[in-house]
Amino acid sequence: MRCSWLFVFLLFPFLPIAVMPHLTNASGERPNILWIVSEDNSPFLASYGDPYAVTPNLDVLAAQGVLYTHAFATAPVCAPARFTLATGLYPTTAGTEGMRSRNPIPDNIHFLSSYLREAGYYCSNNAKEDYNTIKPESAWDDSSREATYRNCGPGQPFFHVQNFGVTHESSLHKGTVADLHDPAGAPVPPYHPDLPEIRNDWAVYYDRVTELDQQVGDFLDQLEEDGHAEDTIVFYYSDHGGALARSKRFLFESGLRVPMIVHFPEKWRHLCPVLPGSATERIVTFADLPPTVLSLAGIKPPDHMQGRAFLGNFADGPRQYAYSLRGRMDERIDRSRTVRDSRYRYTRNWMPHRPYGQFIEYLWRAPTTRAWHEAYREGRVTPEQSVFFNSAKPAEELYDCLADPDNLLNLAGDSRYVGVLERLRDALDAWILETRDSGLLPEGEFRIRIKNLSTTGYEYVRSENYPVGELLHAANLASSAGMDDIPRLMQLSRHKDSGVRYWVATAYAHLDKDCHETRDMLQRLLHDPSPDVSIAAAEALYQRGAMNGLEEALGLALRHPEEMVRVHAINVLTFMEPDFVRRFLPMLQTHDGEKREGSGYDIRAADYLLEQLSPPTN
């Protein structure tokens, strides 16, 4: 049977997988499925052609399995990425875009593992969750540090997730000296300055990747000793790229491209789309993984899942594009979307007035980030290395990822690439509209709306109350607005939806236009019923030296009961002069250490401001 299937595949290599014969195990058995998930690493494996990597166990897995060269996370940070892995939904389609949002999903949207449990699988997770939503009680048989596939019943198939955290960015926070890898040979990317701290961090990180490889090897040995190796399809992938600055959290190849290997034992080789040891350029995203697992288990994926199964009886044809997103990262607000085809990456930045390298307390714990930032402030970096910390970023970015894998040369303004730019821009807009992107609203406003309506984000963005097309138009207009767009912005400033008015106010954070008409419009928005509109208008007025009413508006925002409104206000204050910010010291000090409902990101943001306002210590 296997030979005849391979004969068909070799004769018709471009035949969509969906029309391949639906082969199943003759005995009616279902495969065990194992996810091995590492944290914060790009394809730093020898099997991906990295000469600095020492990864013998994962290389053997690749040599005996299928290596995916075009695998991408849906978000460059763990919690929103894991939301997609758990549900098969993009975070933006359910209001779970911001880091650790905890916004709920409807009861009829189940986790992947819940569908498998209903079909008789034993489902275990060891041990990271961080799903960016409230975990359903039905998700796992066991999710803990003790969780193991070994607890499945006799003859019961299992789905097990084994998370390895050794490569997490926190492994760089201790100032460890490299052991296995020589810093002198570290592959420092051109966007990083060649500094001793950065070379050491890269070497230490590769040490952690080698340690990960050993842990994976030990776990696979355990699987074989337990007698499950020939019954288990093994996936290995990382939860996003990383981990040094400008990778994790950012919409570059370094933050989104991940290693992915799938190994089929002989018993289930008929489900493998290519010969063992092959590499495939098929584009795969995290949205595709949940339907793929269900397909391998013989379960038809539910219609609400937004990815495409790429293996199994319900496999679909290949996708043309991979879509990803960036929202609030910890205490810092930003919003961008990106699309990748087989060669090019296009990114739309809806907040171009914010630098890439906004201060994030956790990111600044790494020696690399601190050393790079210090070198930037002292003028010891190249223009390419300055871009990360410069005061603004472009509204649109386009990179040739084959010629420029580090995404350094922005082709968005190059007339030779107009066709590519327009095609990818249209593809991204179509995806945003199709998925009803919730990130077109400020996070605080979004949370207020779903709370007032007693609904979930997923249900709200599908209602007639959510004007996704008008919001997208306003966001795109605001991010790239020029002087010719002023009349349209003035018109939209009176739009009935506060989200549209928010984008108008945001546009003026980077527009130079200043006249009485502009100030009058912004003063009106300063007193808008939506606190996020008021905050954005306050920033635009401050840049114009129009201070009337700002202190009152920002003070109200700092005292607002919604945490993400407070975070927004503190983010805006971060870009204002210390003398003005000192007027808010009592309110910022109230945030310092005060127990409030929420994630505590307002406290983190306030702590940074208070530190900047404190006199230097001798």
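Residues numbered from 1 in each chain as written. Predicted model: local features only at pLDDT ≥ 70, side-chain atom pairs only at ≥ 80, totals over all residues. Heavy atoms only, no water.

Chemist: In this structure, what is going on with the pairing of strand β9 (residues 322–326)? I would like to understand it.
Modeler: The side chains of a regular strand alternate between both faces of the sheet. β9 sits mainly inside the fold: 5 of its 5 residues count as buried. Residues A322, S324 and R326 line one face of β9 and the alternating positions Y323 and L325 line the opposite face, and both faces are buried. Here β9 pairs with strand β10 (residues 336–340) via 5 bridges, running antiparallel. Within the sheet, the bridge partner assigned to R326 lies in β10 and is S336. (Buried < 20%, exposed > 50% of the residue type's maximum accessible area, 1.4 Å probe, protein only. Helix = DSSP H or I, 4+ residues; strand = E, 2+ residues; numbered from the N terminus. Pairing = 2+ DSSP bridges.)

Chemist: What is the right way to read a negative patch on the surface from this model?
Modeler: On the surface, a cluster of negative charge is made up of D218, D221, E224, E225 and E230. Here D218 lies in helix α5 (residues 196–225). A relative accessible area of 43% places D218 in the partly exposed class. (Patch = residues over 30% accessible without salt bridge, like charges linked within 9 Å, V, L, I, M, F, W, Y side chains within 5 Å. Areas by Shrake-Rupley, 256 points an atom, 1.4 Å probe, with all protein chains shown as cover. Salt bridge = Lys/Arg side-chain N within 4 Å of Asp/Glu carboxyl O. Lys, Arg positive; Asp, Glu negative; His and termini not counted. Charge placed at Lys NZ, Arg CZ, Asp CG, Glu CD.)

Chemist: Would you explain the sheet that holds strand β12 (residues 396–400) in this entry?
Modeler: Strands belonging to one sheet form pairs held by backbone hydrogen bonds; the direction of such a pair is parallel or antiparallel. Reading across the sheet, the 4 strands line up as β9-β10-β11-β12 and stay open at both edges, with antiparallel pairing between neighbours. This sheet does not close on itself; its edge strands, each paired only once, are β9 and β12. Strand-to-strand twist across the sheet, computed as the mean angle between neighbouring axes with direction ignored, equals 15 degrees. Running at roughly 60 degrees to strand β11 (residues 344–349), helix α10 (residues 418–434) makes contact with β9, β10, β11 and β12 of the sheet. (Axes fitted to C-alpha atoms, helices over the stretch in contact; angles between N-to-C directions. Contact = heavy atoms within 4.5 Å.)

Chemist: Honestly, the pattern of salt bridges in this entry has me stumped. Any pointers?
Modeler: A complete count under the given rule lists 41 salt bridges for this structure. Among the ionic pairs, R82 bridges to D239, the shortest N-O distance being 3.3 Å. Here D239 lies in the loop between β6 (232–238) and α6 (253–256) and R82 lies in helix α3 (residues 78–87), a separation of 157 residues in the sequence. Like D239, R82 is buried. As a salt-bridge pair, R328 and E443 come within 2.7 Å of each other at their nearest N and O atoms.

Chemist: Hey, could you run me through the nonpolar core in this one?
Modeler: A general feature of soluble globular proteins is that nonpolar side chains tend to end up buried together. If you look at the biggest cluster of nonpolar residues, it comprises 146 residues, and the most contacted ones within it are I36, L398, L440, Y508, L573 and L588. Filtering out sequence-adjacent residues up to four positions away, L398 remains in contact with Y344, R345, Y346, L409, N410, L411, A412, Y417, V420, L421 and L424. (Core = buried A, V, L, I, M, F, W, Y, C linked by side-chain atoms within 4.5 Å.)

Chemist: Please explain helix α17 (residues 531–543) as it appears in this structure.
Modeler: Since the α-helix advances by 3.6 residues per turn, residues separated by three or four positions end up pointing in the same direction. Counted at 1.5 Å a residue, the expected span for α17 with its 13 residues is 18 Å, and the 19 Å between its end C-alpha atoms agrees. A large share of α17 lies buried, amounting to 12 of its 13 residues. Every buried residue belonging to α17 is among P531, D532, V533, S534, I535, A536, A537, A538, E539, A540, L541 and Y542, and all of these are buried. Looking at the buried side of α17, the elements it contacts are α11 (443–452), α15 (498–507), α16 (516–526), α18 (550–558), α19 (563–574) and α20 (578–581). Just downstream of α17 lies G545, where phi reads positive at about 75 degrees. (Expected span 1.5 Å × (residues − 1).)

Chemist: Looking at this structure, I do not really get the confidence of the model for the protein chain. What am I missing?
Modeler: Residues shown with low pLDDT carry predicted positions that ought not to be read at fine detail. Counting all residues, the mean pLDDT for the protein chain is 93, and 94% of those residues have values of 70 or more. Model confidence for the protein chain, summarised as mean pLDDT per element, is weakest for helix α1 (residues 2–11) at 31 and strongest for β11 at 99. This stretch, residues 1–26, has a pLDDT under 50; its non-local contacts, to residues over four places away or in other chains, come to 36 contacts. (pLDDT = per-residue confidence, 0-100.)

Chemist: Can you walk me through helix α8 (residues 367–377) in this structure?
Modeler: Buried within α8 we find P367, T368, T369, A371, W372 and A375. Contacts from the buried residues of α8 go to α5 and α9 (383–386). Residue G379 follows α8 closely and has a positive phi angle near 75 degrees.

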